[in-house]
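# Tertiary structure, described
Here is how the chains run, residue by residue.
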Amino acid sequence: MLGNKKKSAPVLKNGSGTSESKAIDPLRNLGVEDDEDVKKMLQGSSMVKVRSPRWQKQRTLKLLEDGVTVWCQSHKTSSRAKEQQSFSVMEVECVREGCQSETLRQMLGSVPEARCFTVVFKGPRKSLDLLCQSQEEARQWARGIRTLQERVENMTQKEKLDHWIHAYLNRADQNRDDKMSYEEVRTLLQMINIDLSDQYARSLFQKCDQSADGRLDHGEIEIFCRELLRRPELDAVFIRYSANGCVLSTVDLREFLKDQGEDASLIHAQSLILTYELNEWAQKHQFMTANGFTMYMLSKENCVFNPEHARVYQDMNHPLAHYFISSSHNTYLTKDQLTGDSSTEPYIRALNHGCRCVELDCWDGDKGEPVIYHGHTLTSKVPFVEVIETINEYAFKASPYPLILSMENHCSVEQQNKMARCLRSILGEKLLTKPLGDRDPRRLPSPEDLKYKILVKGKKERGGEECSSSCSDLSSSDEESGRCEGKPRRKKEDKTPGVSKLSPELSELVVYTRSVPFKSFEQAAKGPTTDMSSFSESEALRHIKDSGIHFVRHNSQKLSRIYPSGQRLQSSNYNPQEMWNGGCQIVALNFQTPGEQMDLNHGRFLQNGQCGFVLKPPFLCRPDVSFNPENVGGGSGHRPVLLTVRVISAQQLPKPEWDKPTSIVDPQVRVELHGVPIDNNKKKTHHVDNNGFNPRWDCTFNFTVHVPDLALVRFMVEDHDYTSSNDFLGQYTLPFTSLRTGYRHVRLLKLDGSSLSPSSLFVHIKITSCQSGTSKPPVNPPVKPPVKSPARSPTKSPTKSSARSPVKSSAKKA
C-alpha cells in the first residue's frame, strides 16, 4: 500500500491468469483475507433472483477483487442493465434474512425461507431478493456483506485512498500482467477523472519507470501512486508552520493547533505525533514530518464537523415541544404519490437514518385485514401487520429516543380494533399505553422520559365526546386525495358512514400526541400541551409570515406537524428551513426524494448523535418569546457573526453516473447558507476545466450570519456545463454551530446521503464576531395580535421552483 516500505510479495498467477497477490491486497487492507464468509463471496455463488412467483432467474453473484463490489451475472446488454449488474456493499442499507420482503412473503411455503435473503439498497434502487442453494450459503452472504460494510466504515481516510487507487489500478491493468504500460496509465488517469497533458503524463511515467523498460512494475506503481496523490496545498500549510521547513516541532504543532481552535497543550501535540508519525526517528525526537502531517490532516480528527456533536451532547430532559424531530411523510411510498409502490423498506431506511416520526395511512383491506397505502390512488398496498413488524425490529437501532407513529386512520371500527390489537401484540412493552406514572398527563414528557417507547399519534375520544375518525383533524391524505382528483375537500357529512366512528381500543393508545384541528392560537392555548395539530406547508408558511411570533410561541408549548402540499405528486419536497425558523418540530418530508431539501434535513439532524432529536435554541422555547422568523434584525436570537470560507481544493471527485468513460468533469463549488430569510445566501467558485482528481480554486467567501443557532452550511460540488444545468457531484450539509474552524476536510456525500468516500473538499473556516453584535440591541417591537385564520384554509399552490422535483435530469450529457 502507499507509504509501505516493506517489500511487495512475489506475484503468483492462478489458473485464470489473474494475480493472486493483487487480489489479496484490498482484502488485507480491509482485514478480511482470512474471513471464511468473504472467501465464499470471492468464489461466487449460483442463486435465483426472484421478482415474483412467476419471475425467477438464475444468477451468479461474486465479490470482485476490490473487496467491496459484488457482481451479478446477467445476459442483458442495455447500459442501464449493465449498471445494475453490480453494487457496492456501501450502497446496501441492510440485509434481511428469510422471507421478509413483500415479494418473498408472497412465496412463503413455496420456497425454503432459510435459504432466502434480501439486499435492501440505499436510495431508490429496487431491492434484490435471492434464493440460495443452501441455508449456510445464505447466511454466509448475509454475514459477509455486513462484515465488509463494517470494515469499510472503520477504515481511515488514508486507507480509503489506498483502497480506491488500487481498485482503479486493477481495472486499468487490461492485460492482467501486474504491470502498467503508458497506455494503461493514460486509461487509469481517465478513470480517476484527471486530464493531464500528454507531456506531463509521460514525464511522470518516465520519472517512475526506474527500470526504463517502458512498464511500471509493482514497486514503480507505488511510486507513481504516491506522486499522483501528493497534496501540494497540505505541503504549503506544513511549510507555513514549520520553523525549519523540514519538520514540525511540538512548538510548531502547538501553534498550528492554536490557530485551528483546538487543544494546543504539549500533551495533545505529543499524542498526535505518536499517533500519526510513521518515521521512528522523528517520533522518538517528538517531530512530525510532512508525511505524518498529511496522515493527521486526512484523519477524522480534521473533519469540518465537530466530533463532539457526533454523540448525544444536548440536554434530553426538556419537553418534546422543545426539539426539532426528524420526520417522514407517507413513509411507506418508494416513489411518487399516485402510482408508486408501498413497501416496508422505506421504514427501514428512515429508521436507520434516525427518523423519529413515521406515517401510516391506514385503510380497510380485504379479508378484514387493514392495509397501508395512499388512498384513492394507484399506489400498491402493504399489510398493516407487516409494517408494524418492521417498525418493531428497526425502531431503536439508530436511536434510543421515542418513535412517533403518525396514524392517518380511514378504517372501519372493526379493522381499527385489529390495528389496536396488532400494535399491542407486536410492539409489546415498547408501546406507550398510558401516561407515565410520575408525570402530569396534560404535560409533554421529555425524550429521556420516553426512551425506547413508541407513541401513537391520532384522534382520541376524551370525556365521552364523540369523535369522527376523519373530522377532528384534516390529514395530509385527506388534502391530497381531494387535490389529486381535482375535487374540493369532502365535507363531514359526505363521509362514508362506515368509517365515521373511532374505535375505543385504538383511542386508548393515544397518550401524549392527540391530533386536534387548529382553529386559532387563542383556542389552542386553552387546551393541554398534549394536543397537537397538523398543517399543510402553505398553512404553516402563512402563519409564519402573518403571525410569526404567535406561531413560535405556540410551538414552544405544543407539537406541530407540517406535511407537503397534495400537489407534489412526484413526491418533491418543500424547504424545511422555513418551518424550523418558526419553531415547528415535526417537519415531515418525502424521504424517498433526494435533493436540497433532504440534504438540509440530513444536515439538521447530523448533530446530537444523529438521534433524531435536536434541541431548539432557547429563543424558540420560551412562551413569552418575541422572536419573529421573518424579521431578525435584532432582538431574540440575533447575535451576528462573520463566516469566512476559503475553498482551497477537492480530491477524487466522481463522474456523473451517466457520463461517458472518456469524459472528465469541470468541477465548481457552491457554498450555501440556509437559515432565517436575512441569512440565506449562496456563493460559487469558478470552474476548473477537466480535473475531478485534484482541482484547485483558492476562493474566499464571506457570509454575515445573523441567527447562527438556526443556520445550516451546505457545500455543493457540481460539474459545470455551458449548455445545460450543472450535474450534481457531491454535497455536505451541517449546522453552523457544528462547524470547526481552521483547515478542514469536508467528506462529500452522494445524492442519497450515503458516503462518497474518498471524495472530499479542503477548506479553511474562520468565524469572527461582528461589531454590530456587541451594540445595544433594539427594543423588541410590540407584538401584533395574530391574524385570525379559519380552521381549514385552502391550500396555496407551491411556487414553480418549490414544486419542481429537485432531482436533475440525467439526460444532460446523453
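Look up a bit, the structure's there.
As a starting point, this report considers the structure included with it. (Residues numbered from 1 in each chain as written. Predicted model: local features only at pLDDT ≥ 70, side-chain atom pairs only at ≥ 80, totals over all residues. Heavy atoms only, no water.)

## Re the overall build of the protein
In terms of regular secondary structure, the protein is built from 24 helices and 28 strands. Pairs at least 24 apart in sequence give 71% of the contacts found in the protein among residues at least 6 apart. (Helix = DSSP H or I, 4+ residues; strand = E, 2+ residues; numbered from the N terminus. Contact = heavy atoms within 4.5 Å.)

## Structural notes on the sheet that holds strand β1 (residues 45-50)
Ordered in space as β4-β3-β2-β1-β7-β6-β5, the 7 strands form an open sheet in which the pairing is antiparallel. Where the open sheet ends on each side, the last strands, each with one partner, are β4 (86-88) and β5 (92-97). Going from strand to strand, the sheet's axes swing by 30° on average, the running direction of each strand aside. Sheet topology places β1 next to strand β2 (residues 56-63); 6 bridges connect them, and they run antiparallel. From the neighbouring strand, S46 faces β2, where its bridge partner is T60. Running over the sheet, helix α15 (residues 345-352) touches β5 and β6 (116-121) and is turned about 125° from β5. (Pairing = 2+ DSSP bridges. Axes fitted to C-alpha atoms, helices over the stretch in contact; angles between N-to-C directions.)

## A short note on the pattern of salt bridges
Applying the stated criterion across every chain yields a total of 33 salt bridges. One salt bridge in this structure joins E448 and K451, with 3.5 Å as the shortest N-O distance. With its nearest N and O atoms 2.7 Å apart, the salt bridge here joins E537 to R568. In this pair, E537 sits in helix α21 (residues 537-557) while R568 sits in the loop between β18 (560-563) and α22 (576-581), placing the two residues 31 residues apart along the sequence. Connected through salt bridges with shared partners, the residues E596, D599, R670, E672, K682, R714 and E718 form a single ionic network. (Salt bridge = Lys/Arg side-chain N within 4 Å of Asp/Glu carboxyl O.)

## Structural notes on the environment of R356
Inspection of the secondary structure puts R356 in the loop between α15 and β11 (357-363). Separated by 230 residues in sequence, R356 and I586 have C-alpha atoms that sit 9.1 Å apart. A distance of 2.5 Å separates the side chain of R356 from the backbone oxygen of A395, its partner in a polar contact. (Polar contact = N/O pair within 3.5 Å; in protein donor to acceptor, adjacent residues only side chain to side chain.)

## Things to note about the packing of α15 against helix α16 (residues 384-394)
For any two helices packed against each other, the geometry comes down to the angle between their axes and how far apart the axes lie. Interaxial distance between α15 and α16 falls to 9 Å at its minimum, and their mutual angle equals 25°. On the basis of their axis angle, the class for α15 and α16 is roughly parallel. Considering only the axes of α15 and α16, their crossing is right-handed. Contact with α15, carried on its side by Y347, I348, L351 and N352, involves V387, T390, I391 and Y394 of α16 and no other residues of that element. Looking at the contact of α15 with α16, its residues break down into 6 nonpolar, 2 polar and no charged. (Parallel < 35°, antiparallel > 145°, perpendicular 65-115°, else oblique. Left-handed = near helix turned anticlockwise from the far one by under 90°. Nonpolar A, V, L, I, M, F, W, Y, C, P; charged D, E, K, R; others polar.)

## Section: the packing of aromatic side chains
Tallied over the entire structure, the rule returns 19 aromatic pairs. Aromatic pair Y276 and Y296: ring centres 5.4 Å apart, planes at 50°, arrangement tilted. Placement of the pair is Y276 in helix α12 (residues 266-276) and Y296 in helix α14 (residues 290-298), with a sequence separation of 20 residues. The residues Y276 and Y296 share a single accessibility class, namely buried. (Phe/Tyr/Trp six-rings, centres within 6.5 Å; stacked < 30°, edge-to-face > 60°. Buried < 20%, exposed > 50% of the residue type's maximum accessible area, 1.4 Å probe, protein only.)

## Observations concerning the pairing of β18
Put simply, side chains in a regular strand alternate between the two faces of the sheet. Taking every second residue as pointing to the same face, both faces of β18 are buried, with S560 and I562 on one and R561 and Y563 on the other. In this sheet, β18 lies alongside strand β17 (residues 531-536) in parallel orientation, the contact comprising 4 bridges. Directly across from S533, in β18, lies its bridge partner S560. Read as a crossover between parallel neighbours, the route from β17 over α21 to β18 is right-handed. Direction of pairing for β18 relative to strand β19 (residues 586-589): parallel, over a ladder of 2 bridges. Bridging across to β19, R561 finds its partner in I586. (Right-handed = clockwise from strand over helix to strand, strands pointing away.)

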